Each structure stands twice: as C-alpha cells, then as structure tokens.
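Architecture and fold: a report
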Amino acid sequence: MSDIQQLPLFINEFTTEIDQLRQRFIALSEVALPQKAKDTGHYPVRYDHCFKRIALDVAVHQCWYDVIQKPAIRHATAEQLQRAIATLEMMLDSPDEANRFNQISLGFRKRRNAEVK
C-alpha cells in the first residue's frame, strides 16, 4: 500500500468525494498497479485498462459496461468506485489476488458471451 501513498492526489477544499474516489481509482489503476506489474512480473495483466476491467467487473459482479455507462470513470457511482478501489488495493497487495480477480472477471465475460450467442 505504500506505493500508492506516495502518489500525489490533487485534493483541496473544493474537491468532492466522488472526485477524490476518481483520483484514487486512476492512481491505482493507471500508475501503481501497472508499475508494480512491470517491476515484479508476477501479475496476470500489466496494462491499466486490464486492471480497470478487473476492478469494475468485480465491483458490479458482472461485465461493468452492462451496468455503468462509458466512460466508467465519469459514470460510476461512489459505491461502485469504492468497491473497485478496494479490489485494486487488494491486487496491489497481492498478485495472487489479482490473478483470482482476473479469473472472476473473465468468467463474467465468458458467461456474457455465451448468453449473447
């Protein structure tokens, strides 16, 4: 968790709760996790959009774009972002958790694709 604590968040008295959540989501998914994946080589994914997919799918218990209008960062609720952030934080702490959450996300997508056919 220390990696993310070092990232600058641009928060002031005018920053809303949802904006703070958005900044944290971005810091984790676009900076901290891709960097840790690159540095360790122990993560099942390495790109920011993959970490976002996993976190959002797990947060809403299905393919996120079936629930949240695109772009997700603008349309996700505070509760959805909080759950996604919790998922990202667990992934940051453990590549094994990242792998487990990735498998869950891929399962949601496999089921969705089977239903669409």
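In case you missed it, the structure is sitting above this.
1. Remarks on the nonpolar core
By size, the foremost hydrophobic cluster in this structure holds 28 residues, and its most contacted members are Phe25, Leu33, Phe51, Leu56, Ile68, Leu88 and Met91. Secondary structure elements with two or more residues in this core: helix 2 (17-40), helix 3 (48-60), helix 5 (78-93) and helix 6 (95-116). Here the element with the most residues in this core is helix 3; it accounts for eight residues. In this structure isoleucine 68 touches Leu56, Val60, His75, Ala76 and Gln80, once residues within four positions along its chain are discounted.

2. Regarding helix 2
For the α-helix, the turn length of 3.6 residues means that residues three or four positions removed from each other point alike. Helix length check: helix 2, at 24 residues, gives a terminal C-alpha distance of 32 Å against a target of 34 Å (1.5 Å per residue), a fit within 8%. Considering bend angle alone, the principal kink of helix 2 is centred on leucine 28 and spans about 35°. The complete set of buried residues in helix 2 reads Leu21, Arg24, Phe25, Ala27, Leu28, Ser29, Ala32, Leu33, Pro34 and Ala37.

3. Details of helix 5
Given a rise of 1.5 Å per residue, 16 residues ought to cover 22 Å, and the 22 Å separating the end C-alpha atoms of helix 5 matches this to within 8%. For helix 5, the set of buried residues is Gln80, Leu81, Ala84, Ile85, Thr87, Leu88, Glu89, Met91 and Leu92.

4. A word on the side chain of threonine 87
Summarising the element assignment, threonine 87 is placed in helix 5. On the basis of relative accessible area, threonine 87 is assigned to the buried category, the value being 4%. Within the local environment of threonine 87, its side chain forms a polar contact with the backbone oxygen of arginine 83, the two atoms lying 3.0 Å apart. Ignoring any residue separated from it by four or fewer positions in sequence, one finds threonine 87 in contact with Ala55, Val58 and Phe101.

Rules used throughout
- Counting restarts for each chain, with residues numbered from 1 along the sequence as it is written.
- Whole-chain, interface and lining totals are the exception, using all residues; otherwise, since this is a predicted model, local features are given only for residues with pLDDT of at least 70 and side-chain atom pairs are given and counted only at 80 or more.
- Side-chain measures were taken over the full set of non-hydrogen atoms in the model, leaving aside hydrogen atoms and water.
- Side-chain atoms within 4.5 Å are what join buried Ala, Val, Leu, Ile, Met, Phe, Trp, Tyr and Cys residues into a set we call a nonpolar core.
- Relative accessibility under 20% of the residue-type maximum defines a buried residue, over 50% an exposed one, and the middle range a partly exposed one, all with a 1.4 Å probe and only protein chains included.
- Secondary structure elements are taken from DSSP: a helix is a run of H or I of four residues or more, a strand is a run of E of two residues or more, and numbering for both begins at the N terminus.
- In what follows, residue pairs with any heavy atoms lying within 4.5 Å of each other are defined as contacts.
- Multiply 1.5 Å by the residue count of a helix minus one, and that product is the helix's expected span.
- The reported bend at a residue is simply the angle between two axes, fitted to the 7 residues ending at it and to the 7 residues beginning with it.
- Two N or O atoms count as a polar contact when they lie within 3.5 Å, although within protein this holds only if one can serve as hydrogen donor and the other as acceptor, and sequence-adjacent residues are included solely when both atoms are side-chain atoms.

It is worth stressing that arrangement in space is one thing and function is another; only the former is reported here.
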